[in-house]
Amino acid sequence: MKTPDTRAALRHYDLARDPVDHGLDPVLPAEPGPVHALDLEPDRVYRRHAHLDNNRSVVFSEWSGTYTALCERIVRVILPMPFDTADPDVCPQCQRWAELRIADPAEFKRQRREWMNEKLQRDEEQENITEWKRRGHNTTA
Ligand SMILES: [Zn+2]
C-alpha cells in the first residue's frame, strides 16, 4: 500500500561523469538496495524542504545526515513517489513503521515517541560507557 505523506528513499546514489562539463553528478544507483520510507508528516522537519512537496523529481542529498528514514538510516536519494509497503524490496523496519502509521496513526505517534526516547537513552548510555572507558584508560595509564 502506498503510504500517504511519505517518499520512497534510497541510501546511496552513483556518480556519473557529465559528458558536457565532465563533473561527477549523482545518478540513480545501479544497485538500489532496500527502499526506505521518508516521513513527510506535517510536524516533521522535512515539511520545510519545499522541493519535496513537488513530487516530480528525484532529490539527491549530497550532504550526509540531511534526511533520515523511519528506520533512522540516512538516505541520500529521495524518489518522486510515496513509500509502498507492498514493494518487495522495502526495508522491513520502514515497512513496519509505515504499516503501523496507515493502520493506527495515533499508536504510530506514541510508539515513535517511545522509540525516540529509548534511542536518546541508548545514545546517552553509550556516551557514559565511552566516558567510563576513557576514565578507566586514564587511571591505568
Ligand atoms: Zn528503512
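This section reports on the structure supplied with the text. Being a predicted model, the structure only gives us computed values, none of them experimental. (Residues numbered from 1 in each chain as written. Predicted model: local features only at pLDDT ≥ 70, side-chain atom pairs only at ≥ 80, totals over all residues. Heavy atoms only, no water.)

A few words on the coordination of the zinc ion. Summarising the metal site, the zinc ion is bound by the protein donors His 36 (ND1), Cys 71 (SG), Cys 91 (SG) and Cys 94 (SG), whose distances to it range over 2.0 to 2.4 Å. The site at the zinc ion holds four donor atoms, and with the angles between them running 101 to 122°, its shape is tetrahedral. One chain supplies every donor for the zinc ion, spaced along it as H-x34-C-x19-C-x2-C. Taken together, the residues span a long stretch of sequence, with His 36 in strand 4 (residues 36-39) and Cys 91 in the loop between strand 8 (77-78) and helix 1 (92-103) at a distance of 55 residues. The same class applies to His 36 and to Cys 91, which are both buried. (Donors = N, O, S within 2.8 Å, 3.2 Å for Na, K, Ca; no water. Tetrahedral: all angles 85-135°; square planar, octahedral: opposite > 155°, others 65-115°. Helix = DSSP H or I, 4+ residues; strand = E, 2+ residues; numbered from the N terminus. Buried < 20%, exposed > 50% of the residue type's maximum accessible area, 1.4 Å probe, protein only.)

Now for the nonpolar core. Residues Leu 38, Leu 52, Tyr 67, Val 75, Ile 78, Phe 83 and Cys 94 are the most contacted members of the largest nonpolar core, which totals 26 residues. The element that contributes the greatest number of residues to this core is helix 1, accounting for four residues. (Core = buried A, V, L, I, M, F, W, Y, C linked by side-chain atoms within 4.5 Å.)

Moving on, we get to the pairing of strand 2 (residues 14-17). Of the pairings in the sheet, the one linking strand 2 to strand 3 (residues 24-27) comprises four bridges and is antiparallel in character. Across the sheet, residue Asp 14 finds its bridge partner in strand 3, namely Val 27. (Pairing = 2+ DSSP bridges.)

A positive phi angle, close to 60°, is found at Asp 5, a residue other than glycine. With respect to the helices and strands, Asp 5 occurs in the segment before strand 1 (6-10). Of note in this structure, Glu 72 is not a glycine but carries a positive phi near 75°. Judged by its relative accessible area of 25%, Glu 72 is partly exposed.

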